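If you want the building blocks of each chain, they are given just below.
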Amino acid sequence: MLEDIHHGRILILDFGSQTTQLIARRIRESHVYSEIHPYDMSETAIRAFNPKGIILSGGPESLTRETAPRPSRVIYELGCPILGICYGLQLLADQLGGAVQSIQHRREFGLAKLTLCTESELWRFLFSPSSKGSHPLTVWMSHGDQISELPPGFQVIAGTQNAPYAAIAEPSRHYYGLQFHPEVTHTEHGTDIIRHFVQTICQCQALWTPQHIIQMMKQDIRHKVGKEGVILGLSGGVDSAVTAALLHAALDQNKHLQLTCIFVDNGLLRAEEAEEVMERLAREHPIRIVRVNAHKRFLSALKGVVEPEIKRKIIGKIFYDVFEEEAAKHKDVQWLAQGTIYPDVIESASAKTKKAHVIKTHHNVGGLPKTIRLKLLEPLRELFKDEVRKIGLELGLPKSLVYRHPFPGPGLAVRILGEIDEEACKRLRKADAIFIEELKKANLYDTVSQAFAVLLPVKSVAVMGDARVYEPVLALRAVTTSDFMTAAFAKLPYAFLEHVANRITNEVEGISRVVYDISSKPPATIEWE
């Protein structure tokens, strides 16, 4: 029996911070498993979770208000270490006998210099006593409230010019609070502080590694599936390709073919997508792949639809209908496997809590019918994108496939803003191919995390061959990110963008103008719809 990689785990209580997902990722990068749950998680559920440590996230609320969110006090009865970040720090003070005040005249947003006041177990590994106070730490702040009175038993361990209680500790119970955000990359040694907290203070074993994850997932798949058949919706993206390789490895012990991959050509794919994906995956792994040509079916159902959420639900429903029809051809098929990953679940507002705002419904999470006949198998559901890629490499998939730019399940349907038709698909497909081709030629493809073109429902006047034309505008989008939960627009060279724009307006009929999207996430999402 394998050691449970979820055994030594960290509970993150979310108070609405924009960086809560980053806390989870930093813990995972420390090879420790973590889960995010809403701040009002019940006492029973917290006890059942049995955490080795608890992290209280930041959040937009103020503890100077009676209605401010507060967790169950059971967290202080478990005897495990607690780390409060920003709002979480103030919460420790509020619930344990201290006080919090508003500091609108001395708010801190952005970088600040943190001076150590005393030695602490939280950063004992970082500084020697002789360096105390002489080498300030650069940290990232974002707060309008701060502690005005320490709780009994706590001591100040660091401060900034505007926040004298920027870090506090109660050593006997291993309670720590940080006004700054160690999870963001701007904070010096932030990841090291989180790693030290979960591994040394909470004494969690470093079991969350690609090797251990694969072993546990294979064991779980075999236990669930047994000898029943599985069909996988293969989109050609990283997530479904890694799912296919994982299922193949897990089910390979059985003599009969349990896994059938269904590649649905929905007419919303990138240029030569179907051929490239099927050939590459079949070459790397001897997997049975069935191609279903359903582009007319999809385009017909999407005719006249402009609302992106409706598009996603229509596409999800048709995908599932196709999968059920294919499953009916194999009497032993009882499972539908999908490449659902953690960000998909988060952005679709997990049905389990129904607390998060729905940003967008991912077709594989929110688009399936409630009366689903097949049992769902989603082995990657707990993983972030970077974790999926590491597992793909560990399973032997080529780097060129694993680090291929993501492509949304609904395909070009959410990159054509407004109504979809075959002509719009052809136009966007050709423009997108030019953009990707030029990125590769300029050795820029691997420097960005995702790049694509978007066809806008906006027309502009242009002059071509001395004649006036009035045609749609095309937007180019390229971002850099490590987790796809946050992203910055890629600073591509102007000369490169000019070259791409010239090629598109000259080679793609029906494009009058090309613009470049310089929005970051948040507030914008990576995809436009």
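Residues numbered from 1 in each chain as written. Predicted model: local features only at pLDDT ≥ 70, side-chain atom pairs only at ≥ 80, totals over all residues. Heavy atoms only, no water.

1. Quick notes on the overall build of the protein
Turning to step 1, where the next piece is worked out: Helix and strand counts for the protein come out as 15 helices and 20 strands.
Turning to step 2, where the next piece is worked out: Evaluated residue by residue, the protein yields a buried proportion of 57% over its 529 residues.
Turning to step 3, where the next piece is worked out: Across the protein, contacts joining residues at least 24 apart in sequence account for 76% of those joining residues at least 6 apart.
Turning to step 4, where the next piece is worked out: Element-wise, carbon and sulfur atoms account for 50% of the exposed surface of the protein, whose accessible area totals about 23000 Å². (Helix = DSSP H or I, 4+ residues; strand = E, 2+ residues; numbered from the N terminus. Buried < 20%, exposed > 50% of the residue type's maximum accessible area, 1.4 Å probe, protein only. Contact = heavy atoms within 4.5 Å. Areas by Shrake-Rupley, 256 points an atom, 1.4 Å probe, with all protein chains shown as cover.)

2. Quick word on the packing of aromatic side chains
Turning to step 1, where the next piece is worked out: Under the definition given, this model contains 8 aromatic pairs.
Turning to step 2, where the next piece is worked out: Between the aromatic rings of F15 and Y39, the centroid separation amounts to 5.5 Å while the plane-to-plane angle is 20°, which identifies the pairing as stacked. Of this pair, F15 sits in the loop between β1 (9-14) and α1 (20-29) while Y39 sits in the loop between β2 (33-38) and α2 (43-49), and the two are 24 residues apart along the sequence.
Turning to step 3, where the next piece is worked out: F15 sits in the buried class, given a relative accessible area of 5%.
Turning to step 4, where the next piece is worked out: The exposure class assigned to Y39 is partly exposed, which follows from its relative accessible area of 28%. (Phe/Tyr/Trp six-rings, centres within 6.5 Å; stacked < 30°, edge-to-face > 60°.)

3. Observations regarding unusual backbone geometry
Turning to step 1, where the next piece is worked out: Positive phi, close to 60°, is recorded for C86, a residue that is not glycine.
Turning to step 2, where the next piece is worked out: Tracing the sequence through the fold places C86 in the loop between β4 (82-85) and α3 (87-95).
Turning to step 3, where the next piece is worked out: Taking relative accessible area as the criterion, C86 reaches 4% and is therefore assigned buried.
Turning to step 4, where the next piece is worked out: Positive phi, close to 60°, is recorded for H174, a residue that is not glycine.
Turning to step 5, where the next piece is worked out: Considering the arrangement of structural elements, one finds H174 in the loop between β10 (167-170) and β11 (175-178).

4. Digging into the side chain of E438
Turning to step 1, where the next piece is worked out: Mapping E438 onto the fold places it in helix α14 (residues 422-441).
Turning to step 2, where the next piece is worked out: Residue classification places E438 among the buried positions, given a relative accessible area of 7%.
Turning to step 3, where the next piece is worked out: Leave out the neighbours within four places in its chain, and E438 touches F496, H499, V500 and R503.

5. What about the sheet that holds strand β12 (residues 229-233)?
Turning to step 1, where the next piece is worked out: Strand order in this open sheet of 5 strands is β14-β13-β12-β15-β16, and the pairing throughout is parallel. Bordering the open sheet on either side are β14 (289-293) and β16 (375-377), each of which pairs with just one other strand. In this sheet, adjacent strand axes meet at a mean angle of 30° when their direction is disregarded.
Turning to step 2, where the next piece is worked out: Bridge analysis of strand β13 (residues 259-265) against β14 gives 5 bridges, and the strand direction is parallel. Each bridged residue has a counterpart across the sheet, and for I262 the counterpart in β14 is V290.
Turning to step 3, where the next piece is worked out: In the packing of helix α6 (residues 238-251) onto the sheet, contacts are made with β12, β13, β15 (333-337) and β16, and the angle to β12 comes to roughly 165°. (Pairing = 2+ DSSP bridges. Axes fitted to C-alpha atoms, helices over the stretch in contact; angles between N-to-C directions.)

6. Digging into the environment of Q334
Turning to step 1, where the next piece is worked out: Along the chain, the position of Q334 falls in strand β15.
Turning to step 2, where the next piece is worked out: Counting along the chain gives 10 residues from Q334 to E324, while the straight-line C-alpha distance between them is 9.9 Å.
Turning to step 3, where the next piece is worked out: Ignoring sequence-local partners within four residues, the contact set of Q334 consists of E228, G229, L374 and K375.

7. Regarding the environment of V479
Turning to step 1, where the next piece is worked out: Within the secondary structure, V479 is located in strand β18 (residues 467-480).
Turning to step 2, where the next piece is worked out: Separated by 40 residues in the primary sequence, V479 and S519 place their C-alpha atoms 9.0 Å from one another.
Turning to step 3, where the next piece is worked out: The contact partners of V479, leaving out residues within four places of it in the chain, are V448, S449, Q450, A487, A488, F489, A490 and I526.

8. A closer look at the confidence of the model for the protein
Turning to step 1, where the next piece is worked out: Put simply, the protein has an average pLDDT of 86, and 89% of its residues get 70 or more.
Turning to step 2, where the next piece is worked out: Contacts of residues 349-360 to residues separated by more than four positions or lying in other chains number 20 contacts, the stretch itself having pLDDT below 50. (pLDDT = per-residue confidence, 0-100.)

9. Notes on a negative patch on the surface
Turning to step 1, where the next piece is worked out: The grouping of E419, D421, E422, E423 and E509 at the surface amounts to a negative patch.
Turning to step 2, where the next piece is worked out: Following the sequence through the fold, E509 ends up in the loop between α15 (494-507) and β20 (513-516).
Turning to step 3, where the next piece is worked out: What makes E509 exposed here is its relative accessible area of 73%. (Patch = residues over 30% accessible without salt bridge, like charges linked within 9 Å, V, L, I, M, F, W, Y side chains within 5 Å. Salt bridge = Lys/Arg side-chain N within 4 Å of Asp/Glu carboxyl O. Lys, Arg positive; Asp, Glu negative; His and termini not counted. Charge placed at Lys NZ, Arg CZ, Asp CG, Glu CD.)

10. Focus: the environment of V458
Turning to step 1, where the next piece is worked out: Among the structural elements, V458 can be located in strand β17 (residues 450-464).
Turning to step 2, where the next piece is worked out: Overall, the relative accessible area of 43% leaves V458 in the partly exposed class.
Turning to step 3, where the next piece is worked out: C-alpha separation for the pair V458 and V473, spaced 15 residues apart in sequence, amounts to 5.9 Å.
Turning to step 4, where the next piece is worked out: Contacts of V458, omitting those with residues within four sequence positions, involve E471, P472 and V473.

11. Some details on the pattern of salt bridges
Turning to step 1, where the next piece is worked out: Under the definition given, this model contains 26 salt bridges.
Turning to step 2, where the next piece is worked out: Linking E29 and R25 is a salt bridge whose minimum nitrogen-to-oxygen distance equals 3.2 Å. Highlighted residues: E29 and R25, both in helix α1, separated by 4 residues, approximately one helical turn.
Turning to step 3, where the next piece is worked out: You can call E29 partly exposed: its relative accessible area is 29%.

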